[in-house]
Amino acid sequence: MTQPFEYYRPCSHTEAVNLLAREDVHCLPLIIHPKPADPHRLGADAFVDLSLLGLNELQMDVDGTLHLGSLVTIQKLVDDPILSNGEFSLLSQAASLVATPGIRNLATVWGAVVAQEGPPEITLALLALDANIAIRKADESLQTFPFSQFLDRLPGSLAKTDLITEFILPPQKDSISALERVARTPRDEAIVAAAAVLYIENGTSPRVNLAVAGAYSNPQRLPNVEGIMSGQTLTPKLLDQACSITMESAGPVSDFRGSAKYRRSIAGVVVRRVLLKVWEQALLTGLVAERSDQ
Amino acid sequence: MKIAFELNGKNIETEVQPGELLTEVLRRLDCKSVKHGCETGECGSCSILLDDRLVPSCLLPAAHADGHRIETVEGLSQGTGLHPIQAAFMETGSIQCGYCTPGMILATKALLDKERYPSLEKARTSLSAVLCRCTGYVKPVEAVFRAAALLRGEPVPPLNSPAGSENKAETTQGHHSSSQVHLRPQSGSVVGVSTLKVDARRLAKGHPAFTDDITLPGMLHAALLTSPHPHARITRIDASRAQALPGVHAVLTYKDIPRVIFAPGCQSYPNPRPYDQVSLDNKVRYIGDKVAVVAAESPEIARQALEMIEVEYELLPAVFEAKEALAEDAPIIHDETDSIGIKDAKRNLVVTITADVGDVEEGFALSSRIFEHTYQVQQVQQTPIEPHVCVTYWDEDERMVVRTSTQAPFHMRRVLAPILGLPISRIRIIKPRMGGGFGGKMDIILEDLCAHLTMKTGRPVRFELTREQEFTNGRSRHPAAITYRIGVDEQGNLMAVEMNVIENTGAFGVQGMTVVNLIGMRGLSTYRSPNMRFDSKVAYTNLPVPSAFRGFGGPQAQFAMESMMDEIAAEMGRDPVAFRLQNAIRVGDEISIMALLGEGGPVVQSVHSSTLPECAESAAAAIDWDRSSDPSWKLDPARPNIRRGLGTALVMHGTAIPGLDMGGAVIKMNDDGSFNLLIGAADLGTGSDTILAQMAAETLGVSLDKIIVLSGDTDLTPFDVGAYASSTTYISGMAVQKAAKAVREKLFDRAALMLKTEPVGMIARDGRVFTSDGRSVTLGEIGLHSLHTIDQEQIMGTASHYSMTSPPSFGAQFAEVEVDIETGEVRVIHLALAVDCGTVINPQAAEGQMEGGMATALGYAVCEEMAYDDRGALLNPRFGDYRIFQADEMPRMTCLLIPSYEQSGPFGAKGLGEITAEGVAPAVANAVFDATGTRFRSLPLTPEKVWQALQESN
């Protein structure tokens, strides 16, 4: 479909919903992905620009909860000192690996998480940071639920008139995060990537959130690996186990960047690396006392 | 709808149409600096500052601009002034083709508006918003720092480095890249000097210099319908619905235009065979092949009309691999009866070429060891940031004007004439500024259809490929399988070299014969051997069409040959550099194979100039080659998964096509002592306009600003074969030098008349003609005198030049890599290239060629590949997926210019453009071997390929 499209910039949620609900024309929210499509090839009769709806705010509550407006640009994730210097630096790091700076100035977190293809780092970071997603329905009700659930239901997660309003990230106190990736060139879209967040509560009882992309058709958390890591001190044996579980449970899809066989194997490598990285950083920063080599 | 926004400080109200993108509206508002390079924001050529943020405007509906503030390059400076960033880009030589320059300048502005002292990392990151295929980003990064200094009011170093100097672009944040230029005493006041490019100002300011930067009254917009099938016959095509769409003025299918068989390559007469193509056919031979073309009032209407063309196909079996295509039972791709010159159409065999020097069997018999390996090279794309674009119209004399981005305007005129059914005299080709070409703009791609649309409608028509079409309907580098069998005696001398090539030329044979010929020539020229054999086959397949690409067979051949030489050296326990130099061709040697494979006929070629040993020595030192023998350096204790390695490749590339290439030049004097230099040569971003102007200025004794260059217009400039075969500096340059000498003689005659003396002993210098006794007249006085006083005459000179020699340039390429043995990732850390291109006419431009050539070759080495599914559909027809390197991922690069003096060249110069892109892939592959002990005989070295091989070797 290449017919000319109209453009609307509603000032309210109601106005936006009314536009998106139209049956006579196919209206799409103007959401730019980090791997953007030609606007003429999106099949839209009209684009609805949501920029006046206040969805581009980034703020932190006093308890450390982060509210990330859905239309916050990816470049803002790179630049904002709240992220780049703090406990959410994983988001900033992830954003810096996505697209070019110009595209990052237009592409939004919303665009990054709904994209069926493209760089996975933002999604990985949100998964690993236990983000919740808030969606405003046509009746103005607000639904909030874990981002991982949203991803599981993609592409059917959003009704035509649903608006993602924000991502809510819990405080990341006493945590260490890292991201590892493999790509053809340093800034190319990752073939396989993994993000991990290590939480140390009271200096003991470590817990890991681990998400991987390229090992399945979509980025996913790895609960099996997280399970064996929970409460455990990292050991080479545990790392081997994590690596094995990752490879065994993987269901990758081949594309021109890498075959399923390669992705399966490399998923194990990046998971091993990202776990090692967070653990070593935790040791360096004193979050954990010592590493067992048993 | 009507929108209002601030554009470059002015309030604008304008009407925008549904579906219009911001790029289109800004260009309509005469902001021609905002370029179209893709439709997905990835090239960044359409970048603007939107409320101070750099964004690609092609992603935004035009109406989005309402209420916002927009800056483009047009707003940076007023009148003839220059913004410091524009000045910095000009002075650092950051502008080659200039298509991406406005985007880069705005990216720099966005950075420097926030940071007065940017880090190297931030400079590279900022520039990564804009893709450049010409520069390798070295000089644009330097421009960022120079601009920052200028904006801070600090002094900056002068443009010209003193002769023999070293230019290191280092910042406080780290090492960037460096270059060394050794200049010979023959350098003059203009030749041998880094000058501002003659076209730098117009490009820095975003002036409308490119093909698409005009709008003509009544201009229609063309769009192309392409095939969804790899091989099919069109059984029904009905364009009536499309034709009836309001705003559509013409729809052309194969039924609507005469069937004229041709070879679309813009090559010398007579065009090499086969003649196997028509403008539109009743058969499609690859996914993306042309089916129909529409001309309409707007691009949107044209696109809509395409969807209304009804086509039914009879699907045919397809074949994608060359070897399979040559098999007896393969589908026949060219079953038409009117093709001319296909060797064996029933076997999809386009051509075979063989050549023998000496007796290879005898050579093998005398060898103590014989080595044999096969190497695979992939299909890659030129990816000029400016897509193929042309505008056609009837002029006031009813002559067809084709304004197009072509490397060979004169060849195009000749080849186009029979296709259009017009005499050559009724066609004018205008080549405006080109936004890169790299060989990809040497064929007729869309000019024939655009002209047909103008003939049908009587209206001007604009036709531009989308980026996806650029990948499928543009051109690419031929994939090939190259097998070498080499016999070596006990001393390591090459006794016999046998080279066998199977080349895949896709759906059409354009330039396929030329390229395979050059694969043989390049692959059998660098090293001495008394016995050589070349055997090649070129096969049709159902893939998009390869053709010329910078290096023209050289990169394919050099990857195979330089990998092979490395393998032999390793097997024989020899130092790879010493082994190569032992066998390398040297001054006085005859290049036997060139006499057999020369395009211009059998011409014996010899080496008359070479600094290859010095190149190898210098580049080895630059990369710290001795580390290769240090086992401890190859390991990194902090990163046990990393292995380090160094690799090398020696390359040579002949300059121009002997006996075939010819260029002309006209120089005429103006009243004020300035000169018009009219040349048919096509500057595709290399700086050839500047270099040729430097030669004219040097000969005439004037400064560069006294030379006004007009190039590449078949009505106004003399013939030139065009920009290919590394010929412009050498061939066109000599024509310019000859013409300038002719003019100089007339200046002396006129000065003699004015000074009442004889011209004997006169010299032209500093804008004056001096007699031997020290008297002088200015060129301005001569201009006025000759045109307006007595014995009036137009002082002018004309000359042309062709050469029966093809002096090779030489290069030594070195690479340092890190290989992740767990993932297979190859990271190139440092590339060092030393080149002998004879006299260096413009060191800064030469460095730019080297940096850009290495950057392109780096993609060939590690990531670029046109990937297809099992139906032959291209999987990565966009910049992000295809992947050309961006600024923030480039390795360090070192450029070393170590000239010889080539007697047959202007001022001693030889070619440079192509040799720079030939050594990186083998050097990187050899470095990966050095790091891992595993050989890689196919490109690109993707993580999976390396990982797989490492797994197998373990």
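Please read these numbers as outputs of a predicted model, since none were measured by experiment.

1. Some details on the domain arrangement of chain A
Under the domain assignment used here, chain A contains domain 1 (6-48), domain 2 (58-169) and domain 3 (175-285). Between the C-alpha centres of domain 1 of chain A and domain 3 of chain A there is a distance of 37 Å.

2. Re the pattern of salt bridges
All told, the structure shown has 83 salt bridges over all chains when counted by the stated rule. E189 of chain A is the salt-bridge partner of K35 of chain A, the closest N and O atoms lying 3.9 Å from each other. With a gap of 154 residues between them, K35 of chain A in the loop between β2 (27-29) and β3 (46-48) and E189 of chain A in the loop between β9 (175-182) and β10 (192-201) connect regions that are remote in the sequence. Here K35 of chain A and E189 of chain A have matching classes, each one buried. Here E822 of chain B makes a salt bridge to R273 of chain A, at a shortest N to O gap of 2.8 Å.

3. Thoughts on the interface of chain B and chain A
Each partner contributes to the interface: chain B provides 56 residues, whereas chain A provides 48 residues. Interface area for chain B against chain A, summed over the two sides, is near 4,300 Å², with a carbon-plus-sulfur share of 56%. For the pair chain B and chain A, the number of links is 7 salt bridges. Our enumeration of links across chain B and chain A arrives at 28 residue pairs in polar contact (both at pLDDT 80 or more). Taken together, the residues of the side of chain B that touches chain A break down into 20 nonpolar, 15 polar and 21 charged.

4. Section: the sheet that holds strand β2 (residues 10-15) of chain B
Pairing between the strands of a sheet is mediated by backbone hydrogen bonds and can be parallel or antiparallel. Residues and elements named next belong to chain B. Spatial ordering of the open sheet is given by β2-β1-β5-β3-β4, a layout of 5 strands whose pairing is mixed. Bordering the open sheet on either side are β2 and β4 (53-56), each of which pairs with just one other strand. Strand-to-strand twist across the sheet, computed as the mean angle between neighbouring axes with direction ignored, equals 40 degrees. Both strand β3 (residues 47-50) and strand β5 (residues 69-71) contribute to a ladder of 2 bridges, which runs antiparallel. The partner of L50 across the bridge, within β5, is I70.

5. Details of the packing of aromatic side chains
Centre-to-centre distance and the angle between the planes together describe a pair of aromatic rings. Evaluation of the coordinates by the stated rule reveals 10 aromatic pairs over all chains. Between F147 of chain A and F150 of chain A the ring centres are 6.1 Å apart and the planes differ by 20 degrees, which places this aromatic pair in the stacked class. Of this pair, F147 of chain A and F150 of chain A both sit in helix α8 (residues 147-153), 3 residues apart, roughly one helical turn. Using a relative accessible area of 0% as the deciding quantity, one classes F147 of chain A as buried. By relative accessible area, which is 0% here, F150 of chain A ends up buried. Ring centres of Y262 of chain A and W947 of chain B lie 5.2 Å apart, and the angle between their planes is 70 degrees; on these two criteria the pair is classed as edge-to-face. You can see Y262 of chain A sitting in helix α11 (residues 260-285) and its partner W947 of chain B sitting in helix α25 (residues 943-953), one on each of two chains.

Basis of the calculations
Residues numbered from 1 in each chain as written. Chains lettered and ligands numbered in written order. Predicted model: local features only at pLDDT ≥ 70, side-chain atom pairs only at ≥ 80, totals over all residues. Heavy atoms only, no water. Domains from an automatic or database assignment. Salt bridge = Lys/Arg side-chain N within 4 Å of Asp/Glu carboxyl O. Helix = DSSP H or I, 4+ residues; strand = E, 2+ residues; numbered from the N terminus. Buried < 20%, exposed > 50% of the residue type's maximum accessible area, 1.4 Å probe, protein only. Contact = heavy atoms within 4.5 Å. Buried area = accessible area lost by both parts, 1.4 Å probe. Polar contact = N/O pair within 3.5 Å; in protein donor to acceptor, adjacent residues only side chain to side chain. Nonpolar A, V, L, I, M, F, W, Y, C, P; charged D, E, K, R; others polar. Pairing = 2+ DSSP bridges. Axes fitted to C-alpha atoms, helices over the stretch in contact; angles between N-to-C directions. Phe/Tyr/Trp six-rings, centres within 6.5 Å; stacked < 30°, edge-to-face > 60°.

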